[in-house]
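Fold and geometry: a report
Here is what each chain is made of, one letter per residue.
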Amino acid sequence: MKAIIAATIIGVLLMFAGFLVKDKKSVVTFAIVLFLLLFGVNIWELMEAGDEPQILFNNMLRIDRYSLWFGMLMTGCTVLYALLVHKEVRKVGVHVAEYFALISFILVGVYLLAGYNNLLMLFLGIEIMSIPQYILAGSDKRNLKSSEASLKYFLMGAFSTGILMMGITLLYGATGSFNVTAFTFMQSNMLNPMALAGIMFLLIAFGFKVSAAPMHMWTPDVYDGAPTPFTAYMSTIVKAGAFVGFLRLFAVSFAGLSNHWMMILAIVAAATLLVGNVTAVFQQSVKRMLAYSSIAQAGFMLFAVVAVNATSWQGMTIYAVAYSVATIGVFAVLMKLKDNTYDGFNGLAKREPALAFFTTIFILSLAGIPLTGGFMAKYFVLLAAVENGQLFWLVIFGLLMAAISVYYYFRVIMAMYFKDGNPELSTEVSSTDKVLLGFTCALVIAMGVAPQLFIGSI
């Protein structure tokens, strides 16, 4: 609860800073200091927490060690994001303080989704997380594609919110409760059609939020049209927040009825992997390739939701962090290049060998190569599916799709090391940039060799 209050206060402080401080560099420094303080609050709250969960607001919030751990990791990723891309955020527009304020409010939504115990709190968490994104997507007023992305994102978000509300309504009609632990029908062998319809509506609504096929159509256009610094945030920490809300609902509330939805969600996961990977192969823009690859990565994260066992929680945690860190790193490099196509990476290893090396580590992690965080992330979600005992076909399909993903990820490495070119940089790569990217690489490798450091005691 301390982190939720702190993130809210930080958001308000940053909004006032927008009125009082006009120097963008000072605003960015202030925002980074506040996010570091928030990270400290996360650690403090986690160290104070006991084994018993903290029940708040008439059982609407359940702050347990998992929600605190996940919130701390997402705050850490946000600090890393702010350090790596703050220069590019300053270029988006004049309202830099407001951009970071919106990011702080998004974190509030992520915290709520990690610890909700009531469907109304789930709804609030999703909306608090989503509404700032609509604004950030359209924040580049000089770019028509940014406005278009914001409008598409808002319309699809509103549509999915309607479906979410319908699901919540049907569940309340079937059970008479909003509490996610009080659904008595899940213990019964009697099928309740209204409850099952509610579960299906919730599955579709979350499918929109996490870009699962066939509800993914908005993703490439929105990610491509939104300002690149905010695409990096939307495709990582925000997606991780939506996924942990997805897992919490289906693992806590609907595990008893998994026979009715498991196969449907498994097919959705397979379709997401297929659509994301096959479409990414044909992209010429690396930014758009990352948009489609984020759909494919969502397919792997769905494995954790489908399996609904103890390993699912570990898999979701390590996947959220490994994917977020590596993707933020790739976007940080991408924003330093003028040309965002594959050709824009030609010859980067000769001009900026350190930048090319860092990019290679991030790409290897996204492809799931051993000794990187991406490998351990895929290992844990696949292990969760294997332990389920009914999803071997999905595991084999996931491995095939992972092999396909190597092709489009390695095109970036081939362009950097094996093709001639003179890539133009939009900004100079400073020593500080190299240190931060080197630290990000170290995190990626640390997750690959010691994943327990990031999974904690889950």
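Residues numbered from 1 in each chain as written. Predicted model: local features only at pLDDT ≥ 70, side-chain atom pairs only at ≥ 80, totals over all residues. Heavy atoms only, no water.

1. Some remarks on empty space enclosed by the protein
Going through the model one piece at a time under the given rule, you end up with four cavities of 30 Å³ or more. Quantified by volume, the largest cavity comes out at close to 150 Å³. Together, 16 residues line the largest cavity, and Ser 130, Tyr 153, Phe 208, Lys 209 and Trp 218 are the ones closest to its centre. When contributions to the lining of the largest cavity are tallied by element, the ones reaching two or more residues are helix 5 (119-137), helix 6 (144-175), helix 7 (193-210), helix 8 (218-225) and helix 9 (228-252). Here the residues of the lining of the largest cavity are counted per class, giving 10 nonpolar, four polar and two charged. By volume, the second largest cavity amounts to about 100 Å³. Met 1, Ala 3, Ile 4, Asn 42, Glu 45, Ile 63, Ser 67, Leu 68, Gly 71 and Tyr 111 together form the lining of the second largest cavity. Counting residues per element, the ones that place at least two in the lining of the second largest cavity are helix 1 (2-20), helix 2 (24-48) and helix 3 (65-92). Here the lining of the second largest cavity is built from residues that sort into six nonpolar, three polar and one charged. (1 Å grid on protein atoms, 1.4 Å probe; cavity = no way out; pocket = protein on both sides within 12 Å on 5 of 7 lines; lining within 4 Å. Points joined across faces, edges and corners; volume = space filled by probe spheres on them. Helix = DSSP H or I, 4+ residues; strand = E, 2+ residues; numbered from the N terminus. Nonpolar A, V, L, I, M, F, W, Y, C, P; charged D, E, K, R; others polar.)

2. Remarks on the environment of Gly 438
With respect to the helices and strands, Gly 438 occurs in helix 17 (residues 431-449). Taking C-alpha positions, Gly 438 is 33 Å from Lys 145, a pair spaced 293 residues apart along the chain.

3. Description of a nonpolar patch on the surface
On the surface, Val 12, Phe 16, Phe 19, Leu 20 and Val 21 cluster together into a nonpolar patch covering about 530 Å² of accessible area. Take Phe 19: it is sitting in helix 1. Classification of Phe 19 by relative accessible area gives exposed; the value is 62%. (Patch = residues over 30% accessible without salt bridge, like charges linked within 9 Å, V, L, I, M, F, W, Y side chains within 5 Å. Areas by Shrake-Rupley, 256 points an atom, 1.4 Å probe, with all protein chains shown as cover. Salt bridge = Lys/Arg side-chain N within 4 Å of Asp/Glu carboxyl O. Buried < 20%, exposed > 50% of the residue type's maximum accessible area, 1.4 Å probe, protein only.)

4. Some remarks on helix 7
In a regular helix each residue adds 1.5 Å, so 18 residues correspond to 26 Å; helix 7 covers 26 Å between its end C-alpha atoms and thus fits that length. Considered for burial, the residues of helix 7 that qualify are Ala 195, Leu 196, Gly 198, Ile 199, Leu 202, Leu 203, Ala 205, Phe 206, Gly 207, Phe 208, Lys 209 and Val 210. Buried residues along helix 7 sit in contact with helix 5, helix 6, helix 8, helix 9, helix 10 (258-281) and helix 11 (286-307). Of the residues one or two after helix 7, Ser 211 is the one with positive phi, at around 65°. (Expected span 1.5 Å × (residues − 1). Contact = heavy atoms within 4.5 Å.)

5. Comments concerning the state of the cysteines
Applying the stated criterion across every chain yields a total of zero disulfides. With no disulfide of its own, Cys 77 has Cys 441 as its nearest cysteine by sulfur position, at a separation of 15 Å. (Disulfide = S-S within 2.5 Å.)

6. Remarks on the nonpolar core
By size, the foremost hydrophobic cluster in this structure holds 179 residues, and its most contacted members are Met 74, Phe 100, Leu 249 and Phe 345. Not counting residues within four places of it along the chain, the set of residues in contact with Met 74 comprises Leu 107, Val 110, Ile 237, Ala 240, Ala 320 and Val 321. (Core = buried A, V, L, I, M, F, W, Y, C linked by side-chain atoms within 4.5 Å.)

7. What to know about the pattern of salt bridges
Counted by the stated rule, this structure contains 14 salt bridges. Of the charged contacts, one joins Lys 350 and Asp 420 as a salt bridge, the two residues approaching to 3.3 Å between their closest N and O atoms. Placement of Lys 350 in helix 13 (residues 348-351) and of Asp 420 in the loop between helix 16 (392-418) and helix 17 is noted, with a sequence separation of 70 residues between them. The pair Lys 350 / Asp 420 is uniform in exposure class, with both members exposed.

8. Description of the packing of helix 3 against helix 12 (residues 310-334)
With their axes 10 Å apart at the nearest point, helix 3 and helix 12 run at an angle of 5° to one another. Between helix 3 and helix 12, the angle falls in the class roughly parallel. Here Tyr 66, Trp 69, Phe 70, Leu 73, Met 74, Cys 77, Leu 80, Tyr 81, Leu 84 and Val 85 of helix 3 come into contact with helix 12, specifically with Trp 313, Met 316, Thr 317, Ala 320, Val 321, Ser 324, Val 325, Ile 328 and Ala 332. Among the residues making up the contact of helix 3 with helix 12, the classes are represented as 17 nonpolar, two polar and no charged. (Axes fitted to C-alpha atoms, helices over the stretch in contact; angles between N-to-C directions. Parallel < 35°, antiparallel > 145°, perpendicular 65-115°, else oblique.)

9. Structural notes on the layout of surface pockets
As a volume, the largest pocket reaches approximately 470 Å³. For the lining of the largest pocket, the secondary-structure elements that each account for two or more residues are helix 3, helix 6, helix 8 and helix 9. Taken together, the residues of the lining of the largest pocket break down into seven nonpolar, six polar and eight charged. The space that makes up the second largest pocket amounts to roughly 270 Å³. Lining the second largest pocket are 15 residues, with Phe 39, Leu 73, Gly 76, Cys 77 and Leu 443 positioned closest to its centre. Those elements that place two or more of their residues in the lining of the second largest pocket are helix 2, helix 3, helix 12 and helix 17. Top contributing element to the lining of the second largest pocket by residue count: helix 3, with seven residues. Looking at the lining of the second largest pocket, its residues break down into 14 nonpolar, one polar and no charged.

10. A look at the side chain of Ser 253
Note on placement: Ser 253 falls in the loop between helix 9 and helix 10. On the basis of relative accessible area, Ser 253 is assigned to the buried category, the value being 0%. One polar contact links the side chain of Ser 253 to the main-chain carbonyl oxygen of Val 180, over a distance of 2.6 Å. (Polar contact = N/O pair within 3.5 Å; in protein donor to acceptor, adjacent residues only side chain to side chain.)

11. Observations regarding the environment of Ala 384
With respect to the secondary-structure elements, Ala 384 resides in helix 15 (residues 373-388). Counting along the chain gives 102 residues from Ala 384 to Phe 282, while the straight-line C-alpha distance between them is 31 Å. In this structure Ala 384 touches Ala 307, Asn 309, Thr 311 and Ser 312, once residues within four positions along its chain are discounted.

12. As for the packing of aromatic side chains
One pass over the structure, following the stated rule, counts 20 aromatic pairs. Plain terms: the ring middles of Tyr 379 and Phe 380 are 5.4 Å apart, the flat faces sit at 80° to each other, and that makes the pair edge-to-face. Assessed through its relative accessible area of 40%, Tyr 379 is described here as partly exposed. Seen from the ring of Phe 300, Lys 378 lies directly overhead, with NZ or CZ sitting 4.9 Å from the centre. (Phe/Tyr/Trp six-rings, centres within 6.5 Å; stacked < 30°, edge-to-face > 60°. Lys NZ or Arg CZ within 6 Å of the ring centre and 35° of its normal.)

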